[in-house]
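Per-entry structural report
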Protein chains: 2
Amino acid sequence: MTIYAPYATIFDEPKVRLEQENPMNLVLRFTDDVEDRFQLGNKGANLVKMTRIGMPVPQGFTLTIDAFRAFMRERKLPVAEIRESIAWLEEVSGQKFGEGLQFSVRSSGPVSMPGMMDTVLNVKTEEELLTSAREVFSSWNGARAKEYRRLHGISEDLGTAVVVQRMVFGNNGHTSGTGVLFTRNPNSGEDELFGEYLPNAQGEELVSGATTPLALSHLQETMPEAYETLHDRVKELERHFGDMQDVEFTIEDSELFILQTRNGKRTGQAAVKIAVDLANEGLITRRAAVLQVSPEQVESLLYSHLEDAGDAKPFLTGLPAAPGAAVGRAIFTPEEAAEEAESGPVILVRPETTPDDIQGIAAATGVLTCRGGYSSHASIVARAMGKPCITGAEDAVLDISAGTLSANGSKINAGDLITIDGSTGNVYTGELELAQSEGSAELDELLEWADSTTGMRVWANADTPDMVAAARRFGARGIGLLRTERMFNEAESLELIRGYILAETASERRKALATLQDRQREDFIQIFKALGDIPLIVRLLDMPLHEFLPEGYAEGNERVANRRTEMAEVNPMMGHRGVRLGISQPGLYKMQVDAIQEARAEVHADVRLMIPQVMSQREAIVVKEHIDHAGLEVGVMMETVRACLRADRLAEHTDFFSFGTNDLTQAVFSFSREDAEKKFLNTYLEQGLLQDNPFTILDEQGVARLMDMAIRWGRDVKPELGIGICGEHGGNPESIAIAHQLGVSYVSCSPFRIPVARIAAAHAALAEG
Amino acid sequence: MTIYAPYATIFDEPKVRLEQENPMNLVLRFTDDVEDRFQLGNKGANLVKMTRIGMPVPQGFTLTIDAFRAFMRERKLPVAEIRESIAWLEEVSGQKFGEGLQFSVRSSGPVSMPGMMDTVLNVKTEEELLTSAREVFSSWNGARAKEYRRLHGISEDLGTAVVVQRMVFGNNGHTSGTGVLFTRNPNSGEDELFGEYLPNAQGEELVSGATTPLALSHLQETMPEAYETLHDRVKELERHFGDMQDVEFTIEDSELFILQTRNGKRTGQAAVKIAVDLANEGLITRRAAVLQVSPEQVESLLYSHLEDAGDAKPFLTGLPAAPGAAVGRAIFTPEEAAEEAESGPVILVRPETTPDDIQGIAAATGVLTCRGGYSSHASIVARAMGKPCITGAEDAVLDISAGTLSANGSKINAGDLITIDGSTGNVYTGELELAQSEGSAELDELLEWADSTTGMRVWANADTPDMVAAARRFGARGIGLLRTERMFNEAESLELIRGYILAETASERRKALATLQDRQREDFIQIFKALGDIPLIVRLLDMPLHEFLPEGYAEGNERVANRRTEMAEVNPMMGHRGVRLGISQPGLYKMQVDAIQEARAEVHADVRLMIPQVMSQREAIVVKEHIDHAGLEVGVMMETVRACLRADRLAEHTDFFSFGTNDLTQAVFSFSREDAEKKFLNTYLEQGLLQDNPFTILDEQGVARLMDMAIRWGRDVKPELGIGICGEHGGNPESIAIAHQLGVSYVSCSPFRIPVARIAAAHAALAEG
């Protein structure tokens, strides 16, 4: 009897920040030796840091978050300590409070929060200073601040500090002024100061927009020495903080003061360039550079997007099924789409798509369907091809014969320009301006650094030679999932597999398979040519055969109708598909493997075979009898719960596991994804029954827990077992972080998600410290 | 971090008999001190036992299974030891081998096996004895014996022994004879010798059937003393072996010899009576009595069955969906069935059944459908009602308007008598003889003893007052599952729930619910009256609402058609049903609970509520907000995998678990039961990919493993957590044994399976020793 330990994982509890036991500090000066942002807020902590490295910071002090808490309990401010600090400031500045010495009073929280009382300037009396501080503290409980915290899940326990700082005056004449700058260009990432300057003015005038500010070059021309000092000081800040800074400064009678600094916001393009430049300049490590760029920033680099929809109102909204934006003429049939695409971009608009629409989707720059969800045919194909897609636009009334698309009172005709935003689900009439995607040499460099931080690799799901080529271009280390359904769904092959299904004699079946094998051999040859030296996992046929005889095909043909009735299923997702097909029709799998072997004889390729929908080692053993003659590695798709529960046995009989997290999620939740997304998943998300859509972000508490057990059981038996994830989760940063914790060997995702996945994988590894 | 131990359970490995290290014994005499049937075979071991207790056994010796193995290795018999034993027998008997002393030579295996060389009589020489022994040993590898072992999974390692025994002669004149007897009546269980006797004959004549044997009373009349001795001797054997014996005897010159004894085969009725009588006579313990009766014997007591189909050939075969046999007139519509049933038994024959057929099924004595599987509507309803049912009789051509049922060249008309055997799936024309089911006082007594052996209780699944009453009659300790679907499916309620589904205003919806509540209150009152003081678990509505608007209902009505389209699902099993319905339509669950509360105000009842299809504690919490005002215990149906993976959290928020093993099996295997049983499950069973249908026998390696973890996690949090199983597995003996190992509190099954379940539960407990 093995000893049982109640199973627990890192996934069980959200991480919480531990309360630290510090002595109470109610008032801290910028010169004090405390930098804790949970005591001082971000602003206060940065002022301490700047003071410490000798920046010309107007001095002051902070009423800490401990003071905030005391205030909330007892409605009292630490007046004695405040007076002591004022006396200290009078001594340091040589000026009297209320005369030369005036203060600004600002809130300073660990997170910045709209709705908080922000700034009171020119505070001249203690009646005034205490009142301002009380107001800042009290504004923590203002309705807007509370609502913001609720919406963003910010803890009520965080609290806010108050920063009291000596005023300096940019409005003291023509040798005074105020400005803001970024230490590098926040759009392009170029290494140049980028900012604005207003002579003889205070900061509020710059922000209010009442006066048009001047370029920084004005300061350079009028006060070159002050500019040089500014340049040196802010570059010193950049070096110190190891990141591009967003700085507020004031010049008072030719003397420079730095009022505030923080890491600057930037575009994805700038983020990548700045991070790589900083690392190459030796200012930060390569690891820090990798951490500076978020997966979302990388993503924004790769998809076209709406520069700014501005006042444009969508006339139709659907599900954001595949990210990116596209402009094109709305075309309603795949044939016309293929034809029209030659004379300019088109958006394919369909009630929903089927395998027959593939050519149309391939020709279009974007896809819009009236029905379907995130997992509908259009979604999956478009995501895989890296094209924007909107599905489930249910308000649309599409009249294909009339050539019109109506929705919410608007109507467009076939051939009219529309803009779709697959990141939001919005559809606009006419052409909106798009920002085009751009890769860069810096991105390639950054991603190489990213790869070096982790042993977890990024592979790609790819079904065509083009996609295999794209995968390699984006840095895939392997093809983790090649679905072979496409090879049966192309027009001529489709007739062959239908012939196989409808065959009444073994001889007819054999003939259909033989011809299919010839076609698939040629197909594999093209794929292997694109593959180069990376490994390729071919998934044997998964889809139920009845999908090859859809309603509408060969109407009136009795043989087809009968076969269709025979094969009909109540719950096709859990029906006669995957390995069950391989068991009942062993000739199909053998044909596929023989086609692969024939192709390998012509083009060298590192091919591995994968069996879908397995639930027991017996299935793997029986299928292997039909395909082992090829001598290739054979793995199983882990997408049934029972496969996970029998992972130890499966590991004995197979070479690798690849988790199919889409189907596994369906099985763990007993949710049919298609039905769930149409029927009740939104209610669940809105009511907080689910925090995230488990088909987008891997379910930590359930699915990942099962995967964790399966991986441990499998590796107990075979420590060298290769383990991958090839569901759509493989391209999702949160899911990639979970994958890293699970210790998988690779995640496999759409080629166009690879850069995102590589940076996300690195972040996951670096988060472990 | 909790320490992780790779999870292992008792379910991991089949138990194997350990090889024992014994010294080689090639020849053993009946007087030797070895009783091991794996050395002597059953026959040899019983002869040793009888010798030991002083039975008049013709003496002899056994060539052991070690000798068999040595022979198989070296083709040599232990001739020296055989000679020694012959010399010993000559000494004991005072006769010379080949003269007065002759031998019989028989095979004696640990399991009896057709195809083995059985008996050589009157062996007079060593040339002959050795040859016979060699032939017996060699017959182990005969084609028929090998095939038998393969079919029955008997190990090739068992081997066989050879018994060499002194001949006694029943053909020695009128004071000699031979006979066989049972020590009690094997049909009724009455305590009387039951057997046959043939004077002046050897045993072979008795068996051959060439001569008609006489009743034992002949012996009693002609040789009263011999009869008395025989009676005393066989009763002594019965006492010694603690079971009814099947004895072969010979009388040689008025001297009685017992040649062989073994536990006698018997009917279910006899098994129960004999076991109870033996215990009440003090010959065996009550536990031993419980172990003497198999679940199958109890089952045979409860269902009508074909006495003997004899030469009758079925004209149609389907799936054996619900056990038992029935004779009746074939009727093709539920209305006619209800009418015709008043003038005699009818069999309802339908293409498939729907809730509209309920009255017809209730009126019929059996059900036959052309389509459907083990889980189709007809199967489930018929099993629940304890009626025989055959589904999926796909060769049937049913023409309802013509009133004919044709199959395989036969045709019957509506009203013709047919016989169905729901235990085999066979349908016969005309009336075959049935054996009727009978309970008995002995059965009740035995089941009470059974209950006292285990803490695991047997509850019932029951939906109607009649079924609740039946459940109590069969000894249910609670109702573990009352499905409320029926309360919506009766004609008038059906219109109300349809009104609710089709309502366009909240007010319409409220009105429909209010009327439904009145009807359901009355329904619950009837159920509570039947319930008495046992607890009742009511499962809140589980079925997807679209099932209330089946194809064919209100054809041409656009509102219905639109709503049906809106609600259609691709994989309804994993769609908008169960708790997902409770979340999106909280009024429905509240109405059900309010109806229960109103009914409880009139009739006292111990009611507990159960939420179906739960996958997270948040769902349970949200639903409880709508139903907690009733102050009833609330439990969850454990039928999604995620519920099992989150059992610790669910235990915090709920009062009990009930595993819905049907749906859980579907989710673990990713098998849609209905599709699987139609499409590929047979292939899996035939090819040995599955040993059993996991919907019949709980899957030890997968489903039970997950349940085991869930139970441990749940009880870690709440040790007193009540845990039940309410899938159909609850009535299956093998599954009940697994349930016992899992430590569940109760299994809940069809009322008509309760006696079977009670005996199976006891066997499971006693098997643990």
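On to the overall build of chain A. Counting its regular elements, chain A contains 31 helices and 31 strands. Each principal axis of the C-alpha distribution contributes one length, and for chain A these read about 105 × 70 × 45 Å. Across the 769 residues in chain A, those meeting the buried criterion constitute 57%. Across chain A, every contact between residues at least 6 apart in sequence was considered, and the portion connecting residues at least 24 apart equals 67%. Measuring between centres, the 74 positive side-chain charges of chain A sit 5 Å from its 114 negative side-chain charges.

Taken together, the 64 residues of chain B in the interface contact 65 residues of chain A. Carbon and sulfur atoms make up 57% of the area that chain B and chain A hide from each other, which totals about 6000 Å². Here Arg642 of chain A makes a salt bridge to Asp699 of chain B, at a shortest N to O gap of 2.8 Å. Our enumeration of links across chain B and chain A arrives at 28 residue pairs in polar contact (both at pLDDT 80 or more). Considering every element that reaches the side of chain B that touches chain A, the biggest residue donor is helix 29 (residues 703-717) of chain B, with six residues. Residue classes in the side of chain B that touches chain A are distributed as 30 nonpolar, 15 polar and 19 charged.

For the pair chain B and chain A, the relating rotation is 180 degrees, the translation along its axis is 0.1 Å, and the fit reaches an RMSD of 0.2 Å. In short, the pair behaves as if placed about a two-fold rotation axis. Relative to the rotation axis, the C-alpha of Asn571 of chain B is the closest in chain B, positioned 2.2 Å from it. Both copies contact each other with a shared surface, as 100% of the interface residues of chain B are interface residues in chain A too.

For the rest of this paragraph, the subject is the pairing of strand 7 (residues 194-199) of chain A. Residue and element names in this part refer to chain A. As paired strands, strand 6 (residues 177-182) and strand 7 are joined by six bridges and run antiparallel to one another. Each bridged residue has a counterpart across the sheet, and for Gly177 the counterpart in strand 7 is Pro199. As paired elements, strand 7 and strand 8 (residues 214-215) share two bridges and run antiparallel to each other. Opposite Tyr197, over in strand 8, you have Leu214 as the bridge partner.

Moving on to empty space enclosed by the protein. Residues and elements named next belong to chain B. Counted by the stated rule, this structure contains three cavities of 30 Å³ or more. There is about 50 Å³ of room inside the largest cavity. For the largest cavity, the full set of lining residues is Ala450, Asp451, Thr454, Met456, Arg457, Val458, Gly475, Arg477, Arg758 and Ala761. Among the secondary structure elements, those contributing two or more residues to the lining of the largest cavity are helix 15 (441-451), strand 24 (457-461) and helix 31 (754-767). Residue composition of the lining of the largest cavity, by class: four nonpolar, two polar and four charged.

With that settled, consider unusual backbone geometry. Note: most residues except glycine have negative phi, and most peptide bonds are trans. Residue and element names in this part refer to chain B. Of note in the backbone geometry, Asn200 takes a positive phi value of approximately 50 degrees without being a glycine. As for its placement among the helices and strands, Asn200 is situated in the loop between strand 7 (194-199) and helix 6 (203-208). The partly exposed category is assigned to Asn200, whose relative accessible area is 38%. Although it is not a glycine, Ser254 adopts a positive phi angle of roughly 70 degrees. For Ser254, a relative accessible area of 43% translates into the label partly exposed.

Residues and elements named next belong to chain B. Spatially, 1-2-5-3-4 is the arrangement adopted by the five strands of the open sheet, whose pairing is antiparallel. The open sheet has two edge strands, strand 1 (27-29) and strand 4 (119-123), and neither has a second partner. Along the sheet, successive strands turn relative to each other by an average axial angle of 20 degrees, direction set aside. Pairing of strand 3 (residues 103-108) with strand 5 (residues 161-166) involves six bridges; the strand directions are antiparallel. Residue pairing in the sheet places Arg106 in a bridge with Val163 of strand 5. Its contacts with the sheet place helix 1 (residues 37-52) against strand 1, strand 2 (60-63), strand 3 and strand 5, and it is angled at close to 130 degrees to strand 3. Those strands touched by helix 3 (residues 79-93) are strand 1, strand 2, strand 3 and strand 5, and its axis lies near 165 degrees from that of strand 2.

This part covers the pairing of strand 29 (residues 656-659) of chain A. It is a general feature of regular strands that their side chains alternate between the two faces of the sheet. All names here are of chain A. The two faces of strand 29 match: Phe656 and Ser658 on one face and Phe657 and Phe659 on the other face are all buried. Of the strand pairs in this sheet, strand 28 (residues 633-638) and strand 29 are connected by four bridges, and their pairing is parallel. Paired with Val636 across the two strands is Phe657, which belongs to strand 29. One ladder, built from four bridges, connects strand 29 with strand 30 (residues 722-725); its direction is parallel.

Within a beta sheet, neighbouring strands are joined by backbone hydrogen bonds and run either parallel or antiparallel to one another. All names here are of chain A. Spatially, five strands are ordered 1-2-5-3-4 in an open sheet, and the strand pairing comes out antiparallel. The two strands at the open ends of the sheet, each matched to only one other strand, are strand 1 (27-29) and strand 4 (119-123). Here the strands of the sheet are splayed against their neighbours by 20 degrees on average, with no regard to which way each runs. Relative to strand 3 (residues 103-108), helix 1 (residues 37-52) is tilted by about 130 degrees, and along the sheet it contacts strand 1, strand 2 (60-63), strand 3 and strand 5 (161-166).

So, about the packing of aromatic side chains. Residues and elements named next belong to chain A. Counting across every chain of the model gives 30 aromatic pairs over all chains. When the ring of Phe488 is compared with that of Phe548, the centres are 6.1 Å apart and the planes differ by 50 degrees; the resulting orientation is tilted. Of this pair, Phe488 sits in helix 17 (residues 485-489) while Phe548 sits in the loop between strand 26 (536-539) and helix 20 (558-567), and the two are 60 residues apart along the sequence. As far as burial versus exposure is concerned, Phe488 and Phe548 are alike and both buried. Measuring from centroid to centroid gives 5.0 Å for Phe671 and Phe680, while their planes differ by 75 degrees, and the two rings are edge-to-face. Looking at Phe671, the relative accessible area reads 0%, which means it is buried. Taking relative accessible area as the criterion, Phe680 reaches 1% and is therefore assigned buried. Among the aromatic side chains, those forming a connected cluster through ring pairs are Phe68, Phe71, Phe137 and Trp140. The ring of Phe474 has Arg473 lying over it, and the distance from NZ or CZ to the ring centre is 6.0 Å.

All names here are of chain A. In this structure the tally under the stated criterion is 90 salt bridges over all chains. Close ionic contact of Glu677 with Arg673 constitutes a salt bridge, the shortest N to O distance being 3.0 Å. Highlighted residues: Glu677 and Arg673, both in helix 27 (residues 673-679), separated by four residues, approximately one helical turn. Across this residue pair, the class does not change: Glu677 and Arg673 are buried.

When pLDDT drops low, the exact placement of atoms in the prediction is not to be read closely. All names here are of chain A. Per-residue confidence for chain A gives a mean pLDDT of 90; residues scoring 70 or more make up 95%. When the criterion is pLDDT under 50, residues 1-22 qualifies, and its contacts beyond four places in sequence or with other chains add up to 38 contacts. For this predicted complex, the interface score ipTM comes out at 0.81, while the overall pTM is 0.82.

What follows is about a negative patch on the surface. All names here are of chain A. A grouping of Glu307, Asp308, Asp311, Glu431 and Glu433 is seen on the molecular surface, where their side chains present a negatively charged patch. Residue position: Asp311 is located in the loop between strand 11 (305-306) and strand 12 (316-317). Note on Asp311: relative accessible area 76%, which makes it exposed.

Thresholds, definitions, all that
Residues numbered from 1 in each chain as written. Chains lettered and ligands numbered in written order. Predicted model: local features only at pLDDT ≥ 70, side-chain atom pairs only at ≥ 80, totals over all residues. Heavy atoms only, no water. Helix = DSSP H or I, 4+ residues; strand = E, 2+ residues; numbered from the N terminus. Buried < 20%, exposed > 50% of the residue type's maximum accessible area, 1.4 Å probe, protein only. Contact = heavy atoms within 4.5 Å. Lys, Arg positive; Asp, Glu negative; His and termini not counted. Charge placed at Lys NZ, Arg CZ, Asp CG, Glu CD. Buried area = accessible area lost by both parts, 1.4 Å probe. Salt bridge = Lys/Arg side-chain N within 4 Å of Asp/Glu carboxyl O. Polar contact = N/O pair within 3.5 Å; in protein donor to acceptor, adjacent residues only side chain to side chain. Nonpolar A, V, L, I, M, F, W, Y, C, P; charged D, E, K, R; others polar. Least-squares fit on C-alpha atoms with pLDDT ≥ 70 in both. Pairing = 2+ DSSP bridges. 1 Å grid on protein atoms, 1.4 Å probe; cavity = no way out; pocket = protein on both sides within 12 Å on 5 of 7 lines; lining within 4 Å. Points joined across faces, edges and corners; volume = space filled by probe spheres on them. Axes fitted to C-alpha atoms, helices over the stretch in contact; angles between N-to-C directions. Phe/Tyr/Trp six-rings, centres within 6.5 Å; stacked < 30°, edge-to-face > 60°. Lys NZ or Arg CZ within 6 Å of the ring centre and 35° of its normal. pLDDT = per-residue confidence, 0-100. Patch = residues over 30% accessible without salt bridge, like charges linked within 9 Å, V, L, I, M, F, W, Y side chains within 5 Å. Areas by Shrake-Rupley, 256 points an atom, 1.4 Å probe, with all protein chains shown as cover.

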